[in-house]
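Architecture at a glance
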Amino acid sequence: MRFHALALAACLVLPGLAIFEDDAYHVDYHHALVGLPKHDTTFFQQPYAGSKASLLYTLSQKQVIAAVNPKDGALVWRQRLSGQRGMLRAGEEQDTVVSATGDSITAWSASDGRLAWEARMNGATVEDLEILEQEDGITNVDSKDAIILLGGGSPSVRRLDGKTGRVKWVYTDTSGDIPFQVSTSPTTVYYISLHTPILGGSKLKVTSLSPITGKKLDQYTLSSEGEIQSREHILFAGANTAAPLLAWTDKSNKVLKVNIIGTKGVSTFAPPSTDVVEKIILHAPNRVNSLAHFLVEYQTTAGHSAEIYHVDLKKNTISKAYSLPELGGKGTFTTTTSDANVYFTRITKDELTVVSSASHGILGRWPIKGLPSLAAAHPVHGVSEVVVKSGSASAVRSAVLFSNGQWVLVRNGEVAWQRPEFLSDTVSAVWAELPEEEALAHELEVEGHQNVFAAYIHRVKRHVRDLEHFPAWLQNIPNQILSNLLGKSQENAIGDIQHDTFGFHKLVVVATEPGRLAALDVGSRGKLLWNIDLQQYAPEATFVRPSLKASRGYVEVKDEGFEGSLLVNTTTGGLLSPKDIDLQPPVTSDAQTFVAFDLVDGELKGFFGTDYSSDPVWTFNPPDGEKIVNFASRPVKDPVASIGKVLGDRRVLYKYLNPNLVLVTAVLKSTHTASFYLLDSASGELLHAISHHDVDVSRPIPSTFSENWFSYSLTIDSTSDPASRGYQLVVAELFESDIPDDRGPLGASSNSSTLQPSSATGDVAKPYVLSQTYQIAEEISHMTVTQTKQGITSRELLVTLPSSNAIVGIPRHIIDPRRPVGRDPTTSEATEGLTKYTPFIFIDPKWHLNHKYEVIGIKGVITSESGLESTSLVFAYGQDIFGTRVAPSFAFDVLGKGFNKVQMLLTVAALFVGVLFVAPLVGRKQINSLWTM
Amino acid sequence: MSALPPPPPQWVIDLNSTPASKPKNLSIPDPPGYTAALSSKQRSQSSKTAVRKAPTTEEMDTLKMKKAWELAIAPAKQLPMNAIGTLCANSHLYLGMYMTGNTLQIFSIFMVFTLFKTPVIAVLSLQRVFAPFETPGTSGRLIGVKIVYVLMNMLMLGLGIWKVNQMGLLPTTRSDWLAWEGERTWSERAVPRQWL
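About the criteria used
Residues numbered from 1 in each chain as written. Chains lettered and ligands numbered in written order. Predicted model: local features only at pLDDT ≥ 70, side-chain atom pairs only at ≥ 80, totals over all residues. Heavy atoms only, no water. Helix = DSSP H or I, 4+ residues; strand = E, 2+ residues; numbered from the N terminus. Buried < 20%, exposed > 50% of the residue type's maximum accessible area, 1.4 Å probe, protein only. Contact = heavy atoms within 4.5 Å. Areas by Shrake-Rupley, 256 points an atom, 1.4 Å probe, with all protein chains shown as cover. Lys, Arg positive; Asp, Glu negative; His and termini not counted. Charge placed at Lys NZ, Arg CZ, Asp CG, Glu CD. Pairing = 2+ DSSP bridges. Axes fitted to C-alpha atoms, helices over the stretch in contact; angles between N-to-C directions. Salt bridge = Lys/Arg side-chain N within 4 Å of Asp/Glu carboxyl O. Expected span 1.5 Å × (residues − 1). Polar contact = N/O pair within 3.5 Å; in protein donor to acceptor, adjacent residues only side chain to side chain. Domains from an automatic or database assignment. Phe/Tyr/Trp six-rings, centres within 6.5 Å; stacked < 30°, edge-to-face > 60°. Lys NZ or Arg CZ within 6 Å of the ring centre and 35° of its normal. 1 Å grid on protein atoms, 1.4 Å probe; cavity = no way out; pocket = protein on both sides within 12 Å on 5 of 7 lines; lining within 4 Å. Points joined across faces, edges and corners; volume = space filled by probe spheres on them. Nonpolar A, V, L, I, M, F, W, Y, C, P; charged D, E, K, R; others polar.

So, the overall build of chain A
Secondary structure assignment for chain A yields six helices and 63 strands. Dimensions along the principal axes, computed over C-alpha positions, put chain A at roughly 120 × 85 × 75 Å. For chain A, buried positions account for 51% of its 933 residues. For chain A, restricting intrachain contacts to residue pairs at least 6 apart in sequence, the fraction spanning at least 24 positions comes to 52%. Put simply, chain A shows about 43300 Å² of open surface, and 55% of that area lies on carbon and sulfur atoms. Positive and negative side-chain charges in chain A, numbering 82 and 99 respectively, have mean positions lying 6 Å apart.

Rendered as structure tokens:
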């Protein structure tokens, strides 16, 4: 036991590359995103019966079920579903929410998101899901069963037990109609299908089933073939209301037809205005005991209006009660039930009004205090909770999705929180400098181009100009000192004056799939700075996968969907014209021959300059019909601190440092082969080739290149080779020569060319490649390498592990290809820090950068240098946004949080006081000793 | 005004008035191993018994040369000890390296420092060291001695250098000059098209 304790203590004491506890949640930030919430699957609900507070549940367009705390917008839990069309329902006073997607129906514990039960309907897809609230007019208090509609070959309606998911009865429809939806009333289950004759539109067929036995009670058909041409024309098939409704419209939204399910009568209504109605939305309460009132929203190009209808259950008629006036601009309506009363909340850009379904009097009105982030956006859809006291609405909170992708909770007109859910579609991201730094860099560049005298004048002028910040800076000093002493981080906000000492403040510009561009400040925990729709700059373009490139002060956006590129200001998100800015010269110096290469028709081709119409300089085509899937080259900025690797005996292995290296990944599906070709992209010369067999080429094969080493990961095909399975990580390092102290065929010459090799070397100097393969436990979906300012700090391989929702930094010395194989390291190897090769790399939990966060759906990770050499900034994007700072060689150039500044000052003060006291004593003693001589 | 000097302290009085070297009563024998100091009379008697002839100048020169040679060879005699010391220090150094991870030990640094300092100081004070042996007769022959002395000191210095090299402080390998070696400049630069 004691030994264990000792071992544990040793583990704790040993310096491990890990996130320090006091750094966690300070240096990193995480936007746990859900995705844009869908209208019909978002609702407020008590997590368990009798709970006072409710949670906000949603199933998003990204198929993520989430529970969000309406107080602060924090994510309570989330679960990711696979499949396309998902549904989410919750019964009243239940402690589970039920979701359906694909062929599986799952119940989740509403308070913590744990799995309650799962039912799989092999092969079939779930078309609809409802909760059976009442059975023969009696509320089932224990657990409410789910009614599902299965599509596929023979559609069927099933009732699943609310506790276990066991099937209670099955009704199979053999008529060949297209299943559409199920709906329940207190006494009956209705199965609605589309009966499509050969010509014309669809008829709606309603079948009533007994909720207890599932037997067919009745069936009737509504003649809707004149209007319904596609599913979109059916507006509403009422769920769980006292009077379930079926509403549809025609193609041009000129007519609204409503049927009370269970009756054969169809009421016809016309939109109120003469304007072309773009969209009709029917809002109805979904509670069994609520009043049978509903609201029809008409959206036109100019504005929106609504009409409220009442259903008379005795006479089975529908009549219009009143209408809400048309308002310009866009808005949305939400439905809330409180006991039997139904309230409608109208949310527009400027205000929020609550009306009762019974009369048109406004119960409450709140102007929305607009935030700058919502300035150009309008509400799309939402859900509300209303508190009504003595005839007037005293409080209302609405979770509204705005058109700019922000999911906002408006509480009595004030924005309580907002979640940038549009970021969950991020497909590319790029680092950009802060505007102040760029301005300084520009000034310095100006000085660099002038003569000494003019540059001096310029600098003095600049410093005089900077003096205007001096008073503010002076005022800020006490605060700064205080926060420094108390150990508070001043990372919350960065003003204009406050200097970014450590260079942690950078911008990341991200682009999302629907064509949205946003900037985040990584120094302020990923705060959203601006957010624009690219569509407004290029109205005719459709954005598929925007790619970004940052230059000084602007970001260049390119996409397959349109020609040319958009230039967007990094600070404001405004569009720039190419005339406004001086375009940056390419990355080369003047003396260098410039070659650009790209994947053209499955071949890698290099061109002189930027002229792609001319004949290529070189073409690389992998042999045997292999297909190039990817290529990785060294980063634009890849500083190398030392050009050689010092061995234990103080000799040097010289690194093969060629900026033009590119690693091409090619696969051949038929033979399960993945090949990697190392090319010199200036000459197209093949320097090295590796081929792996029995590779599952359908899985991602990420690769990365940095300095003089590259790395890639493979999934071994589980079907072909029983000897070895799993995932492999390969690391290869390039040296100029395998002999220490030797610089290879190029010798000590300081320049080199691969296009015109010198006569001495004859052919292009090929590198000496050392590589090692490691078995890893998980699949890697993406990999990249940390970057620092001067490249002195050792690098770390950042890999994304999708199965454990993690981003892991593997230290470079673990994957050093020079690790001795099959023997212990010699003394000199041990001094280098090399350890014996082990085929399996255990992914140390300490390497996880995301500690307690779960980062899901990461598409890419980008890294950047910071102002400190020890630290590299990391930003991960995809479904989630995650950012952190890593120090692979520890933070050697900055004081840690454990450093007690107060104690240090006190020590100095105490020493000073001590000296003051001791000085006379010592003086007296010295004089005395003189006298006694 | 001048004050009277204070009376001499007790110890001065004691020093000046030593007790009689020998008690009058000789009946008490001296303790074994004690040789009583000779009285002045006895001393003069004994010196008379061993009268020595004063050496000649040649003899004196030969003696001085002998002494000078001894002095010149002295550093070489220290050499083995130093070498062993350094060897020990080396092993200690290695041990230290092993234990603390490539740090220079304060002991070995001091040791190396003395190894460098001693010969240099010795060579600098060459004239002073051999001044007692400088006579008109020996001055010619002393040059050789001095050269040997300097050589011996150089030997010690060499030992110091050897040790410094062993400690890895001398830039004798390729890695020591690596920082001055530059990356090759490539006359071509190729970039992926999406970077443009």
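Notes on the sheet that holds strand 23 (residues 266–269) of chain A
Residue and element names in this part refer to chain A. Ordered by their spatial adjacency, four strands build an open sheet running 20-21-22-23, and the pairing between neighbours is antiparallel. Looking at which strands have only one partner, the edges of the open sheet turn out to be strand 20 (234–237) and strand 23. When the angles between neighbouring strand axes are averaged without regard to direction, this sheet yields 15 degrees. Pairing of strand 21 (residues 245–249) with strand 22 (residues 256–260), which is carried by five bridges, proceeds in the antiparallel orientation. Residue W248 lies in a different strand from strand 22, and its bridge partner there is K257.

As for the pattern of salt bridges
All names here are of chain A. Going through the model one piece at a time under the given rule, you end up with 41 salt bridges over all chains. Between K205 and D177 there is a salt bridge, and its shortest N-O distance comes to 2.6 Å. Separated by 28 residues along the polypeptide, K205 in strand 18 (residues 203–209) and D177 in the loop between strand 15 (167–172) and strand 16 (178–184) bring together distant segments of the chain. Here K205 falls in the buried class, since its relative accessible area comes to 12%. Its salt-bridge partner being K369, residue E414 comes within 3.9 Å of it at the nearest N-O pair. With E414 in strand 35 (residues 414–420) and K369 in the loop between strand 31 (362–367) and strand 32 (379–389), this pair connects stretches of sequence that are 45 residues apart.

Description of helix 2 (residues 435–449) of chain A
Residues and elements named next belong to chain A. A rise of 1.5 Å per residue sets the reference length of helix 2, with its 15 residues, at 21 Å; its end C-alpha atoms lie 21 Å apart and thus fit the reference within 8%. Among the residues of helix 2, those classed as buried are E438, E443 and E447. As for helix 2, its buried residues are in contact with helix 3 (452–466) and strand 40 (547–551).

Brief notes about the side chain of T188 of chain A
Residue and element names in this part refer to chain A. With respect to the element layout, T188 can be found in the loop between strand 16 and strand 17 (189–195). Overall, T188 belongs to the buried group, its relative accessible area being 9%. Looking at T188, its side chain comes within polar contact range of the side chain of T187, at 3.1 Å. With residues up to four places along the chain from it excluded, the contact list for T188 reads S183, S208, L209, P211 and L217.

Let's talk about the sheet that holds strand 62 (residues 872–878) of chain A
Neighbouring strands of a sheet are bound in pairs by backbone hydrogen bonds; such pairs are parallel or else antiparallel. All names here are of chain A. One open sheet holds the four strands; their spatial order is 1-63-62-61, and the pairing between them is antiparallel. Only two strands of the sheet have a single neighbouring strand rather than two, namely strand 1 (29–31) and strand 61 (858–865). Mean inter-strand twist for the sheet, computed between neighbouring axes without regard to direction, equals 15 degrees. Inspection of the sheet shows strand 61 paired to strand 62 by seven bridges, in the antiparallel sense. Bridge pairing in strand 62 links I858 to G878.

Side note on the domain arrangement of chain A
Examined at the domain level, chain A breaks down into domain 1 (271–419), domain 2 (431–480 + 492–558) and domain 3 (903–933). The centre of domain 1 of chain A, based on its C-alpha atoms, is set 81 Å off from the matching centre of domain 3 of chain A.

Observations regarding the packing of aromatic side chains
This structure, assessed with the given rule, holds 22 aromatic pairs over all chains. Centre to centre, the rings of Y656 of chain A and W186 of chain B are 6.5 Å apart; their planes meet at 70 degrees, and the pair counts as edge-to-face. Remark: W186 of chain B occurs in strand 1 (residues 185–186) and Y656 of chain A occurs in the loop between strand 49 (652–654) and strand 50 (661–668); the pair is interchain, linking two chains. Using a relative accessible area of 6% as the deciding quantity, one classes W186 of chain B as buried. Lying across the ring of F422 of chain A, R516 of chain A places its NZ or CZ 5.9 Å from the centre. Residue placement shows R885 of chain A over the ring face of F504 of chain A; its charged tip is 3.7 Å from the ring centre.

Concerning empty space enclosed by the protein
Residue and element names in this part refer to chain A. Counting across every chain of the model gives five cavities of 30 Å³ or more. The calculated volume of the largest cavity comes to roughly 100 Å³. Residue lining of the largest cavity: 12 residues in total, with V27, Y29, V522, G523 and R885 positioned closest to the centre. Of the residues in the lining of the largest cavity, the class split is five nonpolar, three polar and four charged.

Re the pairing of strand 34 (residues 406–411) of chain A
Residues and elements named next belong to chain A. The element strand 34 is extensively covered by neighbouring structure, given that five of its six residues are classed as buried. Where strand 33 (residues 392–402) lies against strand 34, five bridges are found, and the strand directions are antiparallel. Residue pairing for strand 34: L401 is matched across the bridge by W407. Turn length for the strand 33-strand 34 hairpin, with the two strands adjacent in sequence and antiparallel, is three residues, and the turn residue G405 shows positive phi of about 90 degrees. The antiparallel hairpin formed by strand 34 and strand 35 contains two residues in its connecting segment, where N412 sits at a positive phi of about 50 degrees.

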